[in-house]
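Now for the letters of each chain:
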Amino acid sequence: MKFFKSTSEPVYSKEAIAARVGELAASIEADYGGKQLVLVGVLTGSFIFLADLARELSLDCEIDFIRVESYGEGLVTSGAPRITTLTKLDLTGKEVLVVDEIVDTGLTLRALVDHLSQSGAASVKVAALVDKKTHRRVDVTVDYTGFEIEDGFLVGYGLDAAEKRRNLPAIYLLSDR
Ligand code: 5GP
Ligand code: MG
């Protein structure tokens, strides 16, 4: 895209992401079999990952979103995630798969999984496209991980820098600017 130098190499290319999303979908399908699945996307960052993952899944699923806020416009977490938009669907008795684009300290996901576990869901699992595992401050299980990365602030494919860059088709390091 115009606002990236043409020499910028993505950390994860469009092709690499598409291939990995396909693999994740295959594992999810194998694990859930004929069960009724609800994909719960974490706004806003997961919208592209969820859209691609959902279209790779050939099982019956419902889709909803939840919003958790912790970062504001900064690059580091404020450490106190708040759930600011709840799911519309009744999750009672449902198999819930939280779809998030990136897990860093784990604080956001921890708050979400705790909240969703109290919703009467039959199960709550997590799919995350990118995991910065070494940054974890609280324990949280990611059941389906796309990629693991040590460090760096990523943008593109839903990931933002102050609400911009989400529409980049691949994932880049912000320092590539
Ligand atoms: P956590 O609560 O795990 O520290 O933070 C998770 C959330 O922080 C992610 O869902 C995402 O919104 C944001 N985040 C963490 N790392 C990055 C990153 O490298 N790039 C972007 N754009 N957002 C990130
Ligand atoms: Mg997020």
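Residues numbered from 1 in each chain as written. Chains lettered and ligands numbered in written order. Predicted model: local features only at pLDDT ≥ 70, side-chain atom pairs only at ≥ 80, totals over all residues. Heavy atoms only, no water.

1. Brief notes about helix α1 (residues 14-32)
Taking 1.5 Å per residue, 19 residues should reach 27 Å; α1 reaches 27 Å between its end C-alpha atoms and fits that length. The set of residues buried in α1 consists of I17, V21, L24, A25, I28 and Y32. Considered in projection along α1, the buried side chains sweep an arc of 105 degrees and stay on one side of the axis. More than 90 degrees from the buried face of α1, the exposed residues found are E15 and A30. On its buried side, α1 packs onto β1 (37-43), α2 (47-56), β4 (95-103), β5 (123-131) and β6 (144-148). (Helix = DSSP H or I, 4+ residues; strand = E, 2+ residues; numbered from the N terminus. Expected span 1.5 Å × (residues − 1). Buried < 20%, exposed > 50% of the residue type's maximum accessible area, 1.4 Å probe, protein only. Arc of directions from axis to C-beta. Contact = heavy atoms within 4.5 Å.)

2. Considerations on unusual backbone geometry
Of the consecutive residues L43 and T44, the connecting peptide bond is found in the cis state with omega at -5 degrees. A positive phi is found at R165, a non-glycine position, where the angle reads about 75 degrees. Mapped onto the elements of the fold, R165 is located in the loop between β7 (154-155) and β8 (172-173).

3. Side note on the site of ligand 1
Around ligand 1 there are 16 residues in total, and T105, T108, K132, L154 and D160 lie nearest to it. K132 places a side-chain nitrogen or oxygen 2.7 Å from an oxygen atom of ligand 1. Measuring from a nitrogen atom of ligand 1, one finds a backbone N or O atom of D160 at 2.7 Å. Protein chains bury 92% of the 500 Å² of accessible surface belonging to ligand 1 in isolation. Among the elements that take part in the shell around ligand 1, β4 stands out by supplying 4 residues, more than any other. (Near = heavy atom within 4 Å. Polar contact = N/O pair within 3.5 Å; in protein donor to acceptor, adjacent residues only side chain to side chain. Areas by Shrake-Rupley, 256 points an atom, 1.4 Å probe, with all protein chains shown as cover.)

4. Observations regarding the pairing of β4
Of all 9 residues making up β4, 9 are buried, and the element is well covered by its neighbours. Note: β1 against β4, 5 bridges, orientation parallel. Looking at β4, one finds that V38 is bridged to V96. Both β4 and β5 contribute to a ladder of 8 bridges, which runs parallel. (Pairing = 2+ DSSP bridges.)

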